[in-house]
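The chain contents come next:
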Amino acid sequence: MAHILVLGASNGIGLETVKAALAAGHRVRAFARSAAEIPLSDPDPERFTGDALKGGDVTAALDGIDVVVQALGVPFKSLFGPVHLFSDATNLLVPAMEKAGVRRLIAVTGFGTGDSRAAVGLLQRLPFQLVFGRAYDDKDAQEMRIRKSGLDWTFVRPGVLTGGANTGRYQVLEQPSSWRNGRIARADVADFIVRDIASKAYIRKAVVLVN
Ligand SMILES: NC(=O)c1ccc[n+]([C@@H]2O[C@H](COP(=O)([O-])OP(=O)(O)OC[C@H]3O[C@@H](n4cnc5c(N)ncnc54)[C@H](OP(=O)(O)O)[C@@H]3O)[C@@H](O)[C@H]2O)c1
């Protein structure tokens, strides 16, 4: 069993990952600015109230950790201004992990990041750029920084996220020729992440996840 640090653990994919990892028997450190409000009690994660943009918080949170899951997100309204969270947090995280000797990083980015941008359909390209362009440019910088590291990384690139329970029925698209958009439940993304922690099947690979 691993000791997992989840960055962005108070909501969305991060929170689902905390739940799935605890259910699988892992030890979980749940990191967010609002960690105290995480609605879990039995089992309870280790709560770490911290800011991913503060180097001291990140360094302290890495103590004793085997695997980091980076699941940070910005509110929808923030997509229409400059977005730096993903690259700034990663520029702190990667050297901190290297210094602490923590090698495994699973980073949630999204379909349309990096070399999957070319797989966005022609009709979706303009709306995608208008709404998500700034965030995905920053996610490109996030992935590039991680690729330059010596870490054992995996990029998890989900399609359009939905709520609801884990279905276990989703596709892990590894080949660029198979990449396409689609919907996927946050709980299924978490299911993939927790399985990948055990299997280590996708080290130094980027996968697109859709139903
Ligand atoms: N929406 C989609 O359809 C879609 C599709 C593909 C990929 N994605 C990506 O998937 C990821 C997860 O999205 P989501 O909707 O599941 O999650 P989310 O609801 O956006 O949750 C974001 C998490 O990040 C934390 N966070 C933000 N800034 C932080 C900071 N400075 N320090 C520490 N924690 C911070 C938040 O906690 P606090 O506020 O408590 O700190 C929260 O736990 C995002 O990167 C998103 O872009 C989304």
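Just so you know, the residues in each chain are numbered from 1, in the order the chain's sequence is written. Under the rules for a predicted model, residues below a pLDDT of 70 receive no local features and side-chain atom pairs below 80 are neither given nor counted, while totals for whole chains, interfaces and linings still include all residues.

## Considerations on the UniProt feature "domain: NAD(P)-binding" (unreviewed entry) in the chain
- UniProt positions are given in the numbering used here, feature names are shortened, and annotations may be inferred rather than shown by experiment. Listed under "domain: NAD(P)-binding" (unreviewed entry) in the UniProt record, and renumbered for this structure, are residues 8-195.
- Put simply, DSSP marks the helices as runs of H or I at least four residues long and the strands as runs of E at least two long, and each gets a number from the N terminus on. Helix and strand shares over residues 8-195 are 38% and 19% respectively, and the end C-alpha atoms of the span are 19 Å apart.

## A closer look at unusual backbone geometry
- Between Asp42 and the following residue, Pro43, the backbone shows a cis peptide bond with an omega angle of 0 degrees.
- Its location among the elements puts Pro43 in the loop between strand S2 (27-32) and strand S3 (46-49).
- One non-glycine residue, Lys200, lies in positive phi territory at about 55 degrees.
- A count of 11 C-beta atoms within 10 Å places Lys200 in the exposed class.
- A positive phi is found at Arg204, a non-glycine position, where the angle reads about 60 degrees. Partly exposed residues are those whose C-beta has more than 12 but fewer than 20 other C-beta atoms within 10 Å; 20 or more makes a residue buried and 12 or fewer makes it exposed, with C-beta atoms placed from the backbone.

## Remarks on the site of the ligand
- Each residue gets a C-beta atom placed from its backbone. If that atom is within 6 Å of a molecule or strand, the residue is near it. Taken together, 24 residues surround the ligand, and among them Gly8, Gly12, Ser34, Gly73 and Gly110 come closest.
- Elements that contribute at least two residues to the shell around the ligand include exactly helix H1 (12-23) and strand S7 (160-162).
- The greatest single-element share of the shell around the ligand, amounting to three residues, is contributed by H1.
- All residues other than Ala, Val, Leu, Ile, Met, Phe, Trp, Tyr, Cys, Pro, Asp, Glu, Lys and Arg, Gly among them, are scored as polar; the first ten of these are nonpolar and the last four charged. A breakdown of the residues in the shell around the ligand according to their chemical character gives 13 nonpolar, eight polar and three charged.

## Quick look at the environment of Phe128
- Relative to the elements of secondary structure, Phe128 occurs in helix H4 (residues 122-147).
- Looking at Phe128, the number of C-beta atoms within 10 Å reads 17, which means it is partly exposed.
- Two residues qualify as being in contact provided that their C-beta atoms, derived from the backbone, are within 7 Å of each other. The residues touching Phe128, leaving out its near neighbours within four places in the chain, are Gly112 and Val120.

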